[in-house]
Amino acid sequence: MQRPYNFSAGPATMPAEVLAQAAAEMLDWPDANGRGTGMGVMEMSHRGKAFISIYERAESDLRELLAVPPDFKILFMQGGGLAENAIVPMNLSALAGNADEPGRADFVITGGWSEKSFKEAGKYCQTRVAASGASSDFTDIPTPANWQLDGDASYVHLCTNETIHGVEFQTLPDLRALGSRAALVIDFSSQVASRPVDWSRVGLAFAGAQKNLGPAGLTVVVVRQDLLGRALKVCPSAFNYKTVADNDSMYNTPPTYAIYMAGLVFQWIKRQGGVAEMERRSIDRASMLYGAIDQSRLYENRVDLGCRSRMNVPFFLRDESRNEAFLAGAQTRGLLQLKGHKSVGGMRASLYNAMPMAGVETLVTYMREFEQNRA
Ligand SMILES: *Cc1c(COP(=O)(O)O)cnc(C)c1O
């Protein structure tokens, strides 16, 4: 069966192989020796031998794929990226000050997601905008050398890839070199596992799984251990990183089925050649689509060349009256979910790890034909 190409920004397309394996194992999950357990994964106790083996493999595969150093913990949590916007300040804002007093945090605003993080964190700590791309309508990223960093901030938050505005950091800032002692917190929800991470520059990274890793319901947090144990008293125990870390993500019931699915995705990435191969493919996909947009007289992408996202490509039809026809024609070709986010309009093609090159080729062919009025 030829599946359509799904360009959704999230929840997003999954590797077909992974879905097929999950379907085959739905009623009876086989252990490492191929022996049936008589249970599907969502029916298992999270403390039983079978699920623990699924959990441990997922953790070690992700650690290997992202080259996470030993002094970082990987946590499998719930609540998504938006919950992390509150959980991070409750856990980290007091780092530089008193444990019981909300501290200070700096935000680099590069689009809708970092803006949301900034607003939410303001309920839990003192927030400041260190830099903002708002004046360019979020079509570029302010140069780190010009950021106004607060010397007393516990952490600096940024979003490595703005899923809605389509701007992506190509390298992480070195806060030490900028004269800051704060921990760098990155929301890498829509970038994770598409390129390597320079962990020497990062204190904490979080990602909702539903973009590049698996189904919704799982949030991956990677945190340097020395940042644990300074949570505010009001922080819920289930969201206290130290409690979660001390209990290997089993303080409360973790999202077991989502962990299993993400684990299958990690195995799939390893079979493809790991994150280096994911990055190579994502460069190919993005350059083909941006190339087609830039060569055309109908389509346009307004993001600065130096920070165009490889994962989410927003684009506009210069003749907006053709938007509906474009989407309807795409649908009949099996090109799904291309409508742009409501706050930006136009179109958006999300090119996550599971999107095959053939999907981009089919999209680009359709775009050319549509422009020439032949579609
Ligand atoms: C999707 C997304 C989120 C939101 O995650 P939820 O799971 O809906 O809370 C946060 N940050 C970024 C960058 C995203 O792309």
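Owing to the predicted nature of the structure, the values given are computational and were not obtained by experimental measurement. (Residues numbered from 1 in each chain as written. Predicted model: local features only at pLDDT ≥ 70, side-chain atom pairs only at ≥ 80, totals over all residues. Heavy atoms only, no water.)

1. A word on the domain arrangement of the protein chain
This is how it is decided: Each domain's extent was defined by an automatic or database domain assignment. Any two residues having at least one pair of non-hydrogen atoms within 4.5 Å are treated as being in contact. Once two parts are joined, some of their accessible surface, as seen by a 1.4 Å probe, is lost; buried area is that loss totalled over both. Whenever Lys or Arg places a side-chain nitrogen within 4 Å of a carboxyl oxygen from Asp or Glu, that contact is recorded as a salt bridge.
As far as domains go, the protein chain holds domain 1 (17-270) and domain 2 (273-373). A straight line from the C-alpha centre of domain 1 to that of domain 2 covers 27 Å. Facing the 25 residues of domain 1 at the interface are 25 residues of domain 2. Of the roughly 2,000 Å² buried between domain 1 and domain 2, counting both surfaces, carbon and sulfur atoms make up 56%. At the boundary of domain 1 with domain 2, the tally comes to zero salt bridges.

2. Some thoughts on the layout of surface pockets
To keep it simple, the criterion reads: A cavity here means a set of points on a 1 Å grid, drawn over the protein atoms and nothing else, where a 1.4 Å probe fits but cannot get out; a pocket is an open set with protein on both sides within 12 Å along at least five of seven lines, and a residue lines either one if it has an atom within 4 Å of a point. Grid points are joined across faces, edges and corners, and a volume is the space filled by probe spheres set on the points. The helix count covers DSSP runs of H or I at least four residues long, the strand count covers runs of E at least two residues long, and both are numbered beginning at the N terminus.
Space inside the largest pocket adds up to approximately 480 Å³. Taken together, 24 residues form the lining of the largest pocket, with Trp29, Asp31, Ala32, Ser53 and Ile54 sitting closest to its centre. Of all the secondary-structure elements, those providing two or more residues to the lining of the largest pocket are α2 (49-66) and α6 (256-272). When residues in the lining of the largest pocket are grouped by element, the largest group, eight residues, is from α2.

3. So, helix α8 (residues 323-332)
Because an α-helix packs 3.6 residues into every turn, residues spaced three or four apart end up facing the same way. Stated precisely, the cut-off is as follows: The cut-offs for exposure are 20% and 50% of the maximum accessible area for each residue type, with area from a 1.4 Å probe on protein chains only; residues under the lower value are buried, those over the upper are exposed, and the others partly exposed. The reported arc concerns the directions from the helix axis to the C-beta atoms and nothing else.
When we look at burial in α8, the residues that qualify are Asn323, Phe326, Leu327, Gly329 and Ala330. All buried residues of α8 project into a common sector of 165 degrees when viewed along the axis, lining one side. Across α8 from its buried face, at more than 90 degrees, point the exposed residues Glu324 and Thr332. Check the buried side of α8 and you find it contacts β11 (299-300), β12 (312-317), β13 (335-336), β14 (347-350) and α9 (357-371). One or two residues past the end of α8 sits Gly334, with phi positive at roughly 75 degrees.

4. A word on the side chain of Asn323
Note on placement: Asn323 falls in helix α8. Judged by its relative accessible area of 13%, Asn323 falls in the buried class. With sequence-adjacent residues up to four places away left out, Asn323 is seen in contact with Leu317 and Met347.

5. Describing the site of the ligand
To be explicit about the condition: Throughout, the term near means that a residue has one or more heavy atoms lying within 4 Å of the molecule or strand in question. Contacts described as polar in this section are N or O atom pairs within 3.5 Å, which, within protein, must combine one atom able to donate a hydrogen with one able to accept it, while residues neighboring in sequence count only if both atoms come from side chains. In these tables, accessible area is a Shrake-Rupley quantity obtained with a 1.4 Å probe, and a residue counts as shielded only by the protein chains included in the view.
Lining the immediate environment of the ligand, one finds Gly80, Gly81, Leu82, Trp113, Cys159, Asn161, Thr163, Asp187, Ser189, Ser190, Gln210 and Lys211. One of the side-chain N or O atoms of Asp187 is found 2.7 Å from a nitrogen atom in the ligand. At 2.5 Å from an oxygen atom of the ligand is found a side-chain nitrogen or oxygen belonging to Lys211. Protein chains bury 86% of the 390 Å² of accessible surface belonging to the ligand in isolation.

6. Some words on the packing of aromatic side chains
Given two aromatic rings, their pairing is described by the distance between the two centres and the angle made by the two planes. The condition that has to hold: Working definition: rings of Phe, Tyr and Trp (its six-membered ring) pair if their centres are within 6.5 Å, and the pair is stacked with planes under 30 degrees apart, edge-to-face with planes over 60 apart, and tilted otherwise.
Across all of its chains, the model carries 13 aromatic pairs by this definition. Note on Trp147 and Phe169: the rings are 6.4 Å apart at their centroids and 85 degrees apart in plane angle, and the pair reads as edge-to-face. Of this pair, Trp147 sits in the loop between β4 (126-132) and β5 (155-159) while Phe169 sits in the loop between β7 (167-168) and β8 (183-187), and the two are 22 residues apart along the sequence. Phe169 carries the same exposure label as Trp147, and that label is buried. Consider the rings of Phe188 and Trp199, whose centres lie 6.4 Å apart with planes at 85 degrees: the pair is edge-to-face. Of the two residues, Phe188 is situated in the loop between β8 and β9 (204-208) and Trp199 in the loop between β8 and β9; the sequence distance between them amounts to eleven residues. Of the two residues, Phe188 and Trp199, neither departs from the other in class, the shared state being buried. Members of the aromatic cluster, each reached through a chain of ring pairs, are Tyr299, Phe315, Phe326, Tyr366 and Phe370.

7. Points about the sheet that holds β5
Let me state the cut-off plainly: For two strands to be treated as a pair, DSSP must find at least two bridges joining them. Fitting a line to C-alpha atoms yields each axis, with helices limited to the stretch in contact; the angle taken between N-to-C directions then spans 0 to 180 degrees.
Strand order in the open sheet made by the seven strands is β2-β10-β9-β8-β5-β3-β4, with mixed pairing throughout. Strands at the two margins of the open sheet, each flanked by one partner only, are β2 (72-77) and β4. The sheet shows a mean angle of 20 degrees between the axes of neighbouring strands, direction not considered. Here strand β3 (residues 104-109) runs beside β4; their pairing, made up of six bridges, is parallel. In the strand pairing of β4, Val108 is matched with Ala131. Of the strands in this sheet, β2 and β10 (219-224) touch α2, which is tilted by about 130 degrees from β2. Set on the sheet, helix α3 (residues 80-92) makes contact with β2, β5, β8, β9 and β10; between it and β9 the angle comes to about 155 degrees.

8. Comments concerning the state of the cysteines
Note the following rule: Two cysteine sulfur atoms form a disulfide, by the criterion used here, when they sit within 2.5 Å.
Under the defined criterion, the tally for this structure stands at zero disulfides. Between Cys125, a free cysteine, and Cys235, which holds the nearest cysteine sulfur, the sulfur-to-sulfur gap is 13 Å.

9. Details of the packing of helix α7 (residues 274-295) against α9
Cut-off, in case you're wondering: To sort the angles, those under 35 degrees are grouped as roughly parallel, those over 145 as roughly antiparallel, those from 65 to 115 as roughly perpendicular, and the leftovers as oblique. Here the term charged refers only to Asp, Glu, Lys and Arg, the term nonpolar to Ala, Val, Leu, Ile, Met, Phe, Trp, Tyr, Cys and Pro, and the term polar to all other amino acids, Gly among them.
At a closest axis distance of 9 Å, the pairing of α7 and α9 adopts a crossing angle of 5 degrees. Regarding the angle of α7 to α9, the classification is roughly parallel. Residues Asp284, Arg285, Met288, Leu289, Ala292, Ile293 and Gln295 of α7 touch α9, and the partners they reach there are Met357, Val360, Glu361, Leu363, Val364, Met367 and Arg368. Within the contact of α7 with α9, the residues separate by chemical class into nine nonpolar, one polar and four charged.

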